[in-house]
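Fold and contact review
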Amino acid sequence: MSDTPDIPQDAPLDDDRILAAEYVLGLLSVADHRAFEARMDGDPILRARVAEWAEDFVTLTADFPEETPPETLWRAIEASLDRPVVEPIRRRTGLGLLGYALGGLMAAGLAFVVVNSGMLAPAAPEFQARIAAQDNAVLFAAAYDADTGQLALEYQAGSHPPDRSFEFWLIAEGEAPVSVIVWPDGSPAEVVTLSDELWAKVPGAVLAISDEPAGGSPTGQPTGAVVAVGQIEPI
């Protein structure tokens, strides 16, 4: 006999059920994910809620035939291994929590169906870079999607002194560095949409990180030490 109790279908959507759904969808932060799993170890009700949501989401794609993913997708997955989990947008609290949670779960379920049904082909980045110091004391990963013009950046290691900032630069061959983003302290990942003029320079360019005054370079060009560099390469 299973030690996991059944949960009535009309049970109220309390915070634990919302957390269970976010756990199944992978929307929790690393800390929240670990804390939730620790709670599940001694809480059969919580385990039942997770099982219920998992079953519900799986049924969304029950009628879709299996398809072999494109080779570019596997390469993108392999390139992203061992990267930190991206922090989700923080949940809103208060009286509007239920509405936001339901809306988010419906959107996630719809997106899952759309991607897996083949209605939209999932975009895969065409370029990537490993932006690293020589000793890997500073390390970021980058992936660029030419179709959307979006440059995704993920923190992996490193820190700057107090009252300083990391600033990212795109450097095309023979041209001056162009600022891409001043990294927000504590952010695990950022996505930057490059201008048409800038994205045309991505192939073969270099991404570099400099140590700048808080808020970024006051001159529009690097003023501090370059702490990490990475060549942009096709995937």
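Residues numbered from 1 in each chain as written. Predicted model: local features only at pLDDT ≥ 70, side-chain atom pairs only at ≥ 80, totals over all residues. Heavy atoms only, no water.

1. Observations concerning the nonpolar core
The tendency in soluble globular proteins is for nonpolar side chains to be buried as a group. Counting residues in hydrophobic clusters, the biggest one holds 25 residues, and the most contacted among them are I131 and F168. Elements represented by at least two residues in this core include exactly β1 (127-132), β2 (139-145), β3 (150-157), β4 (164-171), β5 (178-182) and β7 (206-213). When sequence neighbours within four positions are dropped, the list of residues in contact with I131 reads V138, L139, F140, A142, L153, F168, L207, I209, A228, V229 and G230. Ranked by size, the runner-up nonpolar core spans eleven residues in total, among them L19, F36, L46 and F57. (Core = buried A, V, L, I, M, F, W, Y, C linked by side-chain atoms within 4.5 Å. Buried < 20%, exposed > 50% of the residue type's maximum accessible area, 1.4 Å probe, protein only. Helix = DSSP H or I, 4+ residues; strand = E, 2+ residues; numbered from the N terminus. Contact = heavy atoms within 4.5 Å.)

2. Section: the environment of Q128
Following the sequence through the fold, Q128 ends up in strand β1. For Q128, a relative accessible area of 25% puts it in the partly exposed group. Residues Q128 and A141, 13 residues apart in the sequence, show an inter-C-alpha distance of 7.6 Å.

3. A short note on the packing of helix α1 (residues 15-25) against helix α3 (residues 44-58)
Contact pair α1 / α3: the axes reach a minimum separation of 9 Å and the direction vectors enclose 55 degrees. The angle between the axes of α1 and α3 places the two elements in the oblique class. As α1 packs across α3, the resulting crossing turns out to be right-handed. Contacts from D16, R17, A20, A21, Y23, V24 and L25 in α1 reach L46, R49, V50, E52, W53, A54 and F57 in α3. A breakdown of the residues in the contact of α1 with α3 according to their chemical character gives ten nonpolar, no polar and four charged. (Axes fitted to C-alpha atoms, helices over the stretch in contact; angles between N-to-C directions. Parallel < 35°, antiparallel > 145°, perpendicular 65-115°, else oblique. Left-handed = near helix turned anticlockwise from the far one by under 90°. Nonpolar A, V, L, I, M, F, W, Y, C, P; charged D, E, K, R; others polar.)

4. Looking at α3
In a regular helix each residue adds 1.5 Å, so 15 residues correspond to 21 Å; α3 covers 21 Å between its end C-alpha atoms and thus fits that length. Among all positions of α3, only L46, A48, R49, V50, E52, W53 and F57 are buried. Measuring from the side-chain oxygen of the N-cap residue of α3 to the backbone nitrogen of I45 gives 3.1 Å; that N-cap residue is D43. (Expected span 1.5 Å × (residues − 1). Polar contact = N/O pair within 3.5 Å; in protein donor to acceptor, adjacent residues only side chain to side chain.)

5. Here we look at the packing of aromatic side chains
Within the structure shown, the criterion is met by seven aromatic pairs. In this structure an aromatic cluster arises from ring pairing among F140, Y155, F166, F168 and W183. (Phe/Tyr/Trp six-rings, centres within 6.5 Å; stacked < 30°, edge-to-face > 60°.)

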